[in-house]
Amino acid sequence: MQLKNPILGLCQQSTFMLSAAKVDQCPDDAGFEVAFAGRSNAGKSSALNTLTHASLARTSKTPGRTQLLNFFKLDDERRLVDLPGYGYAKVPIPLKQHWQRHLEAYLGSRESLKGLILMMDVRHPMTDFDRLMLDWSIASGMPMHVLLTKADKLTYGAAKNTLLKVQSEIRKGWGGTVTIQLFSAPKRMGLEEAYTVLAGWLGLMEDGSEEEAE
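Residues numbered from 1 in each chain as written. Predicted model: local features only at pLDDT ≥ 70, side-chain atom pairs only at ≥ 80, totals over all residues. Heavy atoms only, no water.

For the protein chain, an unreviewed UniProt entry supplies the name Probable GTP-binding protein EngB and the organism Pseudomonas vanderleydeniana. Quoted verbatim from the Function (unreviewed entry) field of the UniProt record, the comment on the protein chain reads "Necessary for normal cell division and for the maintenance of normal septation." (UniProt positions renumbered as here; feature names shortened; annotations may be inferred.)

Pasting the structure below:
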């Protein structure tokens, strides 16, 4: 019998905590954090909202609206972090440079950061930004899980082919430690797999609940 993933209840009660423009404005560096990254049009906010069953992250038809590190509380020890979206042409260069500086500072100094969810649009995967994030993940030893978002925009066969192709490219270039899956917020596709990854990183997989991943 499958055990209920303990992350589900926490995600359903998640609440906005604070926004930080700089690392020194972040919450105390203790407990467990998982950060969500992706280019501005990769569907990051939609994925976060679907995973948490709430409208925590602001979605917009104008990509690039997330300009701060946004922290969402799951419980007293666990948080999700929505990182600034990058790569949208209409964002002024000085603002892009500000985001990059503080994102690098956050990623490089945060002891409570246990893993990074990288979102790629399944129709446009492996951008320069994605490759930079993969480089950083491997160099720093930070676990990474890739969501190929908007999988509903392709036929299942085409989405599966893209998954296999990207998976192969990542293994060749960055090794076999990065995990990857298909994901669709509107179709609620890939939720269980994503929840299992989150629960492991957030220290919730105990007493045999790892069986859920099977």
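**Student:** Mind showing me how you'd approach the environment of L69 here?
**Tutor:** On the secondary structure map, L69 appears in strand β3 (residues 69-73). According to the relative accessible area criterion, L69 is buried, its value standing at 3%. For the pair L69 and Q25, spaced 44 residues apart in sequence, the C-alpha to C-alpha distance is 9.4 Å. (Helix = DSSP H or I, 4+ residues; strand = E, 2+ residues; numbered from the N terminus. Buried < 20%, exposed > 50% of the residue type's maximum accessible area, 1.4 Å probe, protein only.)

**Student:** How should I be thinking about the packing of helix α4 (residues 128-140) against helix α5 (residues 156-174) in this particular structure?
**Tutor:** A pair of packed helices can be characterised by two numbers: the angle between their axes and the separation between those axes. Packing of α4 against α5 brings their axes to within 11 Å, and their N-to-C directions diverge by 45°. Put simply, α4 runs oblique to α5. The handedness of the crossing between α4 and α5 is right-handed. Between α4 and α5, the contacting residues are R131, L134, D135 and I138 on the first element and E169, I170 and W174 on the second. In terms of residue class, the contact of α4 with α5 is built from four nonpolar, no polar and three charged. (Axes fitted to C-alpha atoms, helices over the stretch in contact; angles between N-to-C directions. Parallel < 35°, antiparallel > 145°, perpendicular 65-115°, else oblique. Left-handed = near helix turned anticlockwise from the far one by under 90°. Contact = heavy atoms within 4.5 Å. Nonpolar A, V, L, I, M, F, W, Y, C, P; charged D, E, K, R; others polar.)

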